[in-house]
Amino acid sequence: MVESSVGCIDCWLSLCGLKSSWLLIVKRKFSQVPEMPSIEQQKLAHAICEFLNQSIQSKTIDNEEGIEVAVQVIAESFGITVGDPQYSIKPASLQTIFDVFTKTQQQAKPKSGAEAKAKAELLKQEGNKKLASKDYDGAIKAYTDAIQLHEDAVFYANRAAAHSQKGQHAPAVQDAKRAIELDPGYSKAHSRLGHALFGLGNYKEAVEAYENGLKLEPTNQSMKQSLAAAQQKAGIVSEKAAPQTPDLASMMANPNLMNMAADMMKNNPGLANMFAGQGGAPDIGSLMNNPAIMNMASQMMQDPQMAAMYSYSH
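Note that this is a predicted model, so its numbers are computed, not measured.

(A) Broad picture of the overall build of the chain. When helices and strands are tallied, the chain shows 18 helices and zero strands. Going through the 314 residues of the chain one by one, you find that 34% of them count as buried. In the form shown here, the chain has an accessible surface area of approximately 19,100 Å², with 56% of it arising from carbon and sulfur atoms.

See below:
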């Protein structure tokens, strides 16, 4: 039938003097035959029709006439006959398949708040490891997964640190603010907020964030150093902003800072000579009495990014 119709169209178009390109377009249009649905698609359509018919019989829906029309349209569209055994999925049904799917989803979720919290804590630890190894994207993902299981100020503050390490200070601000909302007494959240604001150039707001953090943890040397740097950028002079002596022992226990110091010594033979003869285990007392070393440590701590590394520990 299609071939005869196309033949008639060919003759008519030729008599009208239409170009061959138009003839080809029209022939293709009339020659297109829709593909038949697969047997799997027909079985699914049949299961849907059976479910709708059962809903009519059980009186769970009001618009029976509309559902009957829908069943007819589905059956005709998929070329099936409702009740034909070749399309049946019995003894299963669409409802039982859906019930199994729902139960599987529920089993995949943590069974209790305690379980979710425990899993979130493991994800946080994974994020900490990735952050320490400078896998910032991996750290962000781990913290995000932890947050989806259980909201915690530490998770948000740590993700803020990871964002800041990537130079993504705007999302770091949002995360730090959320951490403060969850736990206003968490000093590191205020510190992370100050660091992110400093990165955005909002120095006065950074000063306020650091000051709020120091109200909670007045002896935090790294936050004092960061506050001094923010005050200097903001043009704020404070009598309390006197240079602080860095805790060299804590700095040397921080792997991130020690890795950076090692890189600095590679590029500075004179600095490396200061550590000569220490046998790989420098004497803290000697180093603290060395003005060149202490000056280097103080300069490092003036950098808010370095101060953030120094304060990072959970």
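(B) Molecular detail of the pattern of salt bridges. Enumeration according to the criterion identifies seven salt bridges in this entry. In this structure, Lys 130 engages Asp 135 in a salt bridge whose closest nitrogen and oxygen atoms are separated by 3.7 Å. Among the salt bridges present, the one from Glu 181 reaches Arg 178, with a minimum N-O distance of 2.9 Å. Within this pair, Glu 181 and its partner Arg 178 are both found in helix H9 (residues 169–182), separated by three residues, close to a single helical turn. The partly exposed category is assigned to Arg 178, whose relative accessible area is 27%. In this structure, a network of salt bridges that share partners links the residues Glu 151, Arg 178 and Glu 181.

(C) View of the packing of aromatic side chains. One pass over the full model with this rule turns up one aromatic pair. Relative to Tyr 203, the ring of Phe 198 lies with its centre 5.1 Å away and its plane at 70 degrees, an arrangement referred to as edge-to-face. Phe 198 sits in the buried class, given a relative accessible area of 14%. Judged by relative accessible area, which is 26%, Tyr 203 ranks as partly exposed.

(D) Highlighting the environment of Ser 55. Turning to its location among the elements, Ser 55 is positioned in helix H3 (residues 39–57). For the pair Ser 55 and Ile 67, spaced twelve residues apart in the sequence, the C-alpha separation amounts to 9.1 Å. If we ignore the near neighbours within four places in the chain, the residues touching Ser 55 are Thr 60 and Ile 61. Of the polar contacts made by the side chain of Ser 55, one reaches the backbone oxygen of Phe 51; its length is 2.9 Å.

(E) Structural context of helix H12 (residues 221–234). Compared with an ideal rise of 1.5 Å per residue, which puts 14 residues at 20 Å, H12 spans 20 Å between its outermost C-alpha atoms and is within 8% of the ideal. Counting buried positions along H12 yields ten of 14 residues, so the element is predominantly enclosed. Of the positions making up H12, those classed as buried are Ser 222, Met 223, Gln 225, Ser 226, Leu 227, Ala 228, Ala 229, Ala 230, Gln 231 and Ala 234. Positive phi shows up at Gly 235, right after H12, with a value of about 75 degrees.

(F) Quick peek at the packing of helix H10 (residues 187–200) against helix H11 (residues 203–216). In contact at an axis separation of 8 Å, H10 and H11 are set at 165 degrees when each is read in the N-to-C sense. Between H10 and H11, the angle falls in the class roughly antiparallel. The handedness of the crossing between H10 and H11 is left-handed. For the pair formed by H10 and H11, the contact residues are Ser 187, His 190, Ser 191, Leu 193, Gly 194, His 195, Leu 197 and Phe 198 on the first element and Tyr 203, Glu 205, Ala 206, Ala 209, Tyr 210, Asn 212, Gly 213 and Leu 216 on the second.

(G) Broad picture of the packing of H11 against H12. Packing of H11 against H12 brings their axes to within 8 Å, and their N-to-C directions diverge by 155 degrees. Classified by the angle their axes make, H11 and H12 are roughly antiparallel. As for how H11 packs across H12, the hand of that crossing is left-handed. Residues Tyr 203, Lys 204, Ala 206, Val 207, Tyr 210, Glu 211, Gly 213 and Leu 214 of H11 lie in contact with H12, whose contacting residues are Met 223, Lys 224, Ser 226, Leu 227, Ala 230, Gln 231, Lys 233 and Ala 234. A breakdown of the residues in the contact of H11 with H12 according to their chemical character gives nine nonpolar, three polar and four charged.

Procedures and definitions
Residues numbered from 1 in each chain as written. Predicted model: local features only at pLDDT ≥ 70, side-chain atom pairs only at ≥ 80, totals over all residues. Heavy atoms only, no water. Helix = DSSP H or I, 4+ residues; strand = E, 2+ residues; numbered from the N terminus. Buried < 20%, exposed > 50% of the residue type's maximum accessible area, 1.4 Å probe, protein only. Areas by Shrake-Rupley, 256 points an atom, 1.4 Å probe, with all protein chains shown as cover. Salt bridge = Lys/Arg side-chain N within 4 Å of Asp/Glu carboxyl O. Phe/Tyr/Trp six-rings, centres within 6.5 Å; stacked < 30°, edge-to-face > 60°. Contact = heavy atoms within 4.5 Å. Polar contact = N/O pair within 3.5 Å; in protein donor to acceptor, adjacent residues only side chain to side chain. Expected span 1.5 Å × (residues − 1). Axes fitted to C-alpha atoms, helices over the stretch in contact; angles between N-to-C directions. Parallel < 35°, antiparallel > 145°, perpendicular 65-115°, else oblique. Left-handed = near helix turned anticlockwise from the far one by under 90°. Nonpolar A, V, L, I, M, F, W, Y, C, P; charged D, E, K, R; others polar.

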